Each structure stands twice: as structure tokens, then as C-alpha cells.
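Okay, here's what each chain looks like letter by letter:
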Amino acid sequence: MSQHSILIVEDEHTLRRLLEYRLGKQYNVRTAANGEEALELIAQELPKLIISDIMMPKMDGFALQAALQEDNSTRAIPFIFLTAKADEASRLKGRRTGVDDYITKPFDIDQLMSRVDRLLERTALFQTQLDAKIGQDFSQKLMPKKMPSADGYKAFFHSAPREHGGGDIFDCSEPRPGVHFITIGDVMGKGLQAKFYAFSFLGYIRSTLHTLLGTTSSPAELMTRVNQVLVDDPPLEDTFASLLLIKWEPARNLVTYANAGHCRPVLMTARGAEVVPYSDMILGLDAGAEFKDTSIVLQPGSSLISYTDGLLEQVMKNGEQLGEEGILGYVNHAAGKPDPIQSLLKNVLSDSENSRFGDDVLMFWLEREGNRDRPSRDPAPRWFSPFSEGAQT
Amino acid sequence: MQATTMNFTIEPIAHDSVVIRIGKALDFRNAADFKAAAQEQVRSGIRNFILDFSETGILDSTGLGSIFSLYRQVSPMSGQVVFASVSRPVQVVVQLTRTYKVFRQFPTVEGAREAIR
């Protein structure tokens with residue numbers, strides 16, 4: 001079950017079949033009887049490694065190797081010469097730029113196999129290291145430079161992307177004085193591709209926000225627009241994302257959000273932690289999807305906590321995922337701590353199956369400070385239904 | 001006739017419909033295989049897909065994304081993607097993403113077959 005494809009170029013039928021059989025157990029093998037045939041196959045699909053004879057009719061191994069060196073897309077493909085020419089002259093000729101190994105016949109097939117494995121391992125390692133470097137770069141660029149802040153509020157943030165993590169996004173801006181927008185989302189998929197999409201997607205959300213803010217500041221209307229683009233724009237086709245768009249007006253202690261299939265936020269009040277239930281469909285699936293705003297008044301001492309699915313899907317000691325219910329319990333414990341996110345994550349980890357998080361973890365905790373002189377007497381959260389007039393701000 | 005790819009069993013039930021039995025997991029490890037297998041079916045004229053989740057313990061966002069791709073492909077051609085015998089872990093993801101508005105659910109594969117006939 002390996003995607004590595006190897007090209008064998010050998011004019012002798014029996015040897016070609018033998019190599020095809022042995023290497024075929026581990027790799028995806030294609031064969032050619034001479035250099036010309038090989039070039040045709042390479043043009044169809046680039047192999048991960050080439051094993052080639054030298055003496056062949058029509059186009060020999062040297063000519064093939066020279067042709068590959070001229071093309072940037074093929075010059076880096078690992079290349080092994082396999083030949084009966086044991087004399088020093090051809091060995092030297094064979095050991096030139098772009099040739100990784102030179103094996104003389106008769107050869108030991110197991111030795112050939114181990115050289116192939118080693119070469120492929122090394123190229124895979126380069127690729128992984130490069131991916132990790134680019135991924136880290138994306139992750140850093142995707143993270144905010146500064147946190148939103150306002151009198152009477154504390155904001156906490158934590159993001160720990162994993163090497164092979166996905167496309168978590170977070171952004172905050174204050175497009176109008178006193179009106180903050182906080183964006184938390186997850187672009188579906190894994191690895192570099194998801195990170196790349198997340199990066200472009202976030203740029204798109206930012207520009208939509210700034211374009212539309214002249215006419216509306218409703219998260220739901222912004223969400224509708226972002227969804228249409230994901231569905232209609234060919235470059236973004238096949239991109240799906242969950243997104244939580246939060247408008248925060250600290251002077252009014254008001255938070256208004258629209259949720260497109262993202263992990264539902266948690267509201268921590270004097271009554272304890274509870275899930276903020278209303279959400280709509282994930283982005284990119286249905287052009288006609290509708291989104292609604294929900295508003296919450298943050299009472300003194302209460303907090304709004306949002307996160308991405310890496311936390312939700314963390315596997316605990318009992319073998320089950322943490323889940324929403326689990327998160328509520330940890331929020332109850334962490335509330336009021338000097339750094340509630342760090343305290344929560346530490347507790348989750350110590351109850352986890354593994355000592356590390358299995359995926360990216362991203363969390364944002366917005367806390368309204370309690371009244372210093374008189375403790376809050378208003379324990380009940382106040383909801384505005386997304387369907388009532390009251391939701392309009 | 002049944003075709004088996006790594007984790008999926010594909011069973012034709014009509015000229016344009018198949019049941020795909022999703023195995024124990026549909027996640028970042030096999031989502032590309034699922035996508036390829038489903039695309040192959042679409043190319044050969046299949047429009048309706050019943051996804052059987054009875055054994056599925058893991059459905060992550062990459063796996064769900066591959067189902068979304070299938071939906072995006074067949075829905076303009078009046079095709080359907082429906083879910084059958086949805087396990088609890090799958091239900092959690094479907095609830096979270098609110099995609100039950102798009103994927104009809106049936107308690108059994110038989111029920112789904114009746115409905116899309």
C-alpha cells in the first residue's frame with residue numbers, strides 16, 4: 001500500500017520481470033525496455049525513483065539520464081544505474097551528477113532493495129522537513145499579533161498547532177472603535193494543504209469584513225457572503241470550513257455571533273458553564289444556507305469561551321473523546337484562575353490517554369471582570385433568540 | 001458483485017445507486033481513498049449514495065470533507081447522499097456541523113433503499 005512509484009528501465013525481459021516482481025511487493029512499479037519508452041512513461045507520471053540499465057537499444061541509460069538532467073521536473077528524481085559494465089571507465093561515467101547509485105550485475109537483489117528503501121526514505125525525510133517548515137511558517141502567519149482588549153475585560157488565547165495538524169484559524173480586529181470582530185474557524189483537511197487554504201481563506205474573510213462593514217455589522221450577513229463565495233468560487237471549490245464570527249462591543253457588554261457548524265462556544269456564568277446552543281450549517285456545502293445572529297449580554301464575572309475541534313476530540317483515559325460535556329466540567333474548574341486556559345489544558349492533559357494533544361489546540365477565553373465592591377447578583381444568562389427582533393443591534 | 005477498497009464495501013443496488021459501507025473509520029488516513037472510490041462510481045453513472053455507518057467509530061473533519069465533496073458533485077445532477085444506521089460518533093459530528101439539513105438519515109440501509117427508490 002505504498003504510493004511510491006518506481007520506474008524500471010531494462011531491455012532484458014527476464015531481469016525486468018524479476019525486478020518488477022520483487023519491487024512490486026512493496027512499491028508501485030512501471031517498466032520500460034529502453035530510454036525512449038522510459039521518457040514516455042515519465043512524461044505521463046513522475047516516478048519517485050528510477051532504476052536503469054546502461055546498455056539498451058534505441059536510447060541507452062546514459063542518454064536517458066542526460067535527458068532527465070535537462071528538465072527541472074525530472075533532474076531530482078533518485079536514479080540508480082544497474083549494469084553489467086564492471087569496468088572502471090563506465091563506472092566513472094556512471095558516477096556523474098544526478099546518479100545516486102551504481103550497481104553492477106550480477107547483483108544481490110536484497111542489497112538493491114535496501115538501497116532503494118534508503119534512497120526513498122531520505123527523499124521522504126527531506127519532503128517532511130520542508131513541509132514542516134512551510135507549515136510552521138503558515139501557522140505563525142495565521143496567528144494574531146495582538147489580542148483584543150477593553151477596560152473591564154481580560155482576553156486569553158492559546159494556540160498549539162501540531163506538525164501534521166489542520167487548518168485552524170483565528171483572527172481579531174477592531175474595524176470601528178469599540179467594535180471588535182473575533183474569528184475562529186477550522187478549514188477541513190490535514191497538513192500543508194489545509195494550512196494553505198486556511199491562509200487564503202482568512203485573507204478572504206478579512207477583506208469581506210472590511211468591504212461589508214460599511215453596510216452591515218451583522219455576523220450572520222457576513223457569514224452568508226463568505227459561504228456564497230466558498231460555494232461559488234472555483235478556486236475555493238471543495239473547501240469546507242466551520243466558522244464562528246463574534247462581534248464584541250465591550251461598552252455594551254454585548255456579544256453577537258453567527259456560528260457555521262463550528263464547535264459551540266461555552267458561556268461561564270455564576271450558574272456554571274453551559275453550551276451556547278444556536279448554530280447553523282458548515283460553510284461551503286449549500287449556497288442557500290441561512291445564518292442567524294445570536295446576542296448575549298456578558299454579566300460581570302462571566303466568560304465566553306471558544307475553541308476548535310482538536311480539544312473536543314482529545315481522547316481521555318476512558319478511551320472516549322472529551323466532547324462538549326467534558327469541556328463544560330473543565331471550564332467550571334478553570335474559571336477564575338489567573339490563566340484559565342492554561343489551567344484547563346493542564347487538567348485535560350493530565351486526564352488524557354496520551355501526555356500530548358493529538359491535534360491542533362486553539363482556545364480563546366473572553367472574561368468580563370467581576371464587580372470588585374459588590375459581587376454579581378445576576379446569575380441567569382440573558383439570551384436573545386436569533387428569531388426575535390431583540391437580536392438586532 | 002461487490003468491490004472492496006481498503007475500508008469500503010461498495011454494493012450496487014440499482015443502475016444509478018450504490019450502498020457504500022464505511023468501515024471502522026473515515027478520517028485523514030483514508031479520506032482520499034474514499035474520494036477516489038466515490039468519484040469512480042460517479043463517473044460510471046451512479047447518482048445516489050447510501051452511506052452505511054453502522055460500524056463507524058471515527059469520522060473526522062477530513063473524512064466528513066470527502067463526503068461533502070461527493071455531495072457537491074452529485075447534487076447538481078439531482079443525485080442524493082443519504083446516511084444509514086448512523087453510529088453515535090458520526091451523529092455527534094453531524095450535529096456539530098448541522099449537516100443533517102443536507103444529508104437525510106435513515107435507521108437502516110433497507111429504509112434508505114425504500115426512500116431513494
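It should be emphasised that the depicted structure is a prediction, and the values quoted were computed from it without experimental measurement.

How each quantity is defined
- Residues numbered from 1 in each chain as written.
- Chains lettered and ligands numbered in written order.
- Predicted model: local features only at pLDDT ≥ 70, side-chain atom pairs only at ≥ 80, totals over all residues.
- Heavy atoms only, no water.
- Helix = DSSP H or I, 4+ residues; strand = E, 2+ residues; numbered from the N terminus.
- Buried < 20%, exposed > 50% of the residue type's maximum accessible area, 1.4 Å probe, protein only.
- Contact = heavy atoms within 4.5 Å.
- Areas by Shrake-Rupley, 256 points an atom, 1.4 Å probe, with all protein chains shown as cover.
- Phe/Tyr/Trp six-rings, centres within 6.5 Å; stacked < 30°, edge-to-face > 60°.
- Lys NZ or Arg CZ within 6 Å of the ring centre and 35° of its normal.
- Salt bridge = Lys/Arg side-chain N within 4 Å of Asp/Glu carboxyl O.
- Buried area = accessible area lost by both parts, 1.4 Å probe.
- Polar contact = N/O pair within 3.5 Å; in protein donor to acceptor, adjacent residues only side chain to side chain.
- Domains from an automatic or database assignment.
- Expected span 1.5 Å × (residues − 1).
- Axes fitted to C-alpha atoms, helices over the stretch in contact; angles between N-to-C directions.
- Parallel < 35°, antiparallel > 145°, perpendicular 65-115°, else oblique.
- Left-handed = near helix turned anticlockwise from the far one by under 90°.
- Pairing = 2+ DSSP bridges.

### So, the overall build of chain A
- Along the backbone of chain A there are 10 helices and 16 strands.
- Across the 393 residues that make up chain A, the buried fraction comes to 52%.
- Within chain A, residue pairs in contact and separated by at least 24 positions form 67% of the contacts whose partners lie at least 6 positions apart.
- Approximately 18,800 Å² of chain A is accessible, and the part contributed by carbon and sulfur atoms is 50%.

### Concerning the packing of aromatic side chains
- Under the definition given, this model contains 13 aromatic pairs over all chains.
- Ring centres of F157(A) and F170(A) lie 4.3 Å apart, and the angle between their planes is 35°; this geometry places the pair in the tilted category. You can see F157(A) sitting in strand β6 (residues 153-160) and its partner F170(A) sitting in strand β7 (residues 167-176), a full 13 residues away along the chain.
- Taking 5.3 Å as the distance between ring centres and 45° as the angle between the ring planes, the aromatic pair formed by F170(A) and F364(A) counts as tilted. One end of the pair, F170(A), is in strand β7; the other, F364(A), is in strand β15 (residues 361-368), with 194 residues separating them in the sequence.
- Taking the ring centre of F28(B) as reference, the NZ or CZ of R29(B) above it sits at 5.7 Å.

### Some remarks on the pattern of salt bridges
Residues and elements named next belong to chain B.
- Under the defined criterion, the tally for this structure stands at 10 salt bridges over all chains.
- Of the charged contacts in the structure, one is a salt bridge between R43 and E40, with a shortest N-O distance of 3.3 Å. Note that R43 and E40 are positioned in helix α1 (residues 31-43) at a spacing of 3 residues, about one turn of the helix.
- Given the relative accessible area of 45%, E40 is considered partly exposed.

### What about unusual backbone geometry?
- Located in the positive-phi region is N253(A), a residue other than glycine, with phi close to 50°.
- Mapped onto the elements of the fold, N253(A) is located in the loop between β9 (241-249) and β10 (254-260).
- A positive phi angle, close to 60°, is found at R98(B), a residue other than glycine.
- Looking at the element boundaries, R98(B) is found in the loop between α3 (88-97) and β8 (104-106).
- The exposure class of R98(B) is buried, given its relative accessible area of 11%.

### Here we look at the interface of chain B and chain A
- Tallying the contact residues gives 18 residues for chain B and 23 residues for chain A.
- Approximately 1,800 Å² of surface area, both sides summed, lies buried where chain B meets chain A, with 60% of it carried by carbon and sulfur atoms.
- It is R72(B), L96(B) and R98(B) that lose the most area in chain B upon contact with chain A, and together they represent 39% of the buried surface on that side.
- Inspection of the chain B/chain A interface yields 1 salt bridge.
- The closest approach of N and O atoms between D280(A) and K101(B), which form a salt bridge, is 3.7 Å.
- Across the chain B-chain A interface, the total number found is 5 residue pairs in polar contact (both at pLDDT 80 or more).
- Those elements giving two or more residues to the side of chain B that touches chain A turn out to be α2 (61-74) and α3 of chain B.
- It is α2(B) that contributes the most residues to the side of chain B that touches chain A, 8 residues altogether.

### Re the domain arrangement of chain A
- According to the domain assignment, chain A consists of domain 1 (5-133) and domain 2 (143-391).
- When each unit is reduced to the centre of its C-alpha atoms, the spacing between domain 1 of chain A and domain 2 of chain A is 51 Å.

### Quick notes on helix α5 (residues 109-142) of chain A
- A rise of 1.5 Å per residue sets the reference length of α5(A), with its 34 residues, at 50 Å; its end C-alpha atoms lie 49 Å apart and thus fit the reference within 8%.
- The complete set of buried residues in α5(A) reads I109(A), L112(A), M113(A), R115(A), V116(A), L119(A), L120(A), G135(A), F138(A), S139(A) and L142(A).

### Some thoughts on the packing of helix α9 (residues 323-334) of chain A against helix α10 (residues 340-350) of chain A
Residues and elements named next belong to chain A.
- For the pair α9 and α10, the least separation of the axes is 9 Å and the interaxial angle reads 130°. By the angle between their axes, α9 is oblique relative to α10. For α9 against α10, the interelement crossing comes out right-handed. For the pair α9 and α10, contact is made by Y330, V331 and A334 and by P340, S343, L344, N347 and V348, respectively.

### Quick notes on the side chain of H262(A)
- Locating H262(A) in the fold gives a position in the loop between β10 and β11 (266-269).
- At a separation of 2.7 Å, a polar atom in the side chain of H262(A) contacts the side chain of S242(A).
- Ignoring sequence-local partners within four residues, the contact set of H262(A) consists of I184(A), G185(A), D186(A), S242(A), L243(A), L244(A), Y307(A), T308(A) and L96(B).

### Some remarks on the sheet that holds strand β3 (residues 49-53) of chain A
All names here are of chain A.
- The strand order across the open sheet built from 5 strands is β2-β1-β3-β4-β5, with neighbouring strands paired in parallel fashion. Sheet topology places β2 (28-32) and β5 (101-104) at the edges, where each strand pairs with a single neighbour. Pairwise comparison of adjacent strand axes, ignoring direction, gives a mean angle of 20° for this sheet.
- Here β3 runs beside strand β4 (residues 79-83); their pairing, made up of 4 bridges, is parallel. Within β4, the position partnered with I50 by the bridge is F79.
- Along the sheet, helix α1 (residues 13-24) makes contact with β1 (5-9), β2, β3 and β4, crossing β2 at roughly 170°.
- Along the sheet face, helix α2 (residues 35-44) touches β1, β2 and β3 and points at about 140° away from the line of β2.

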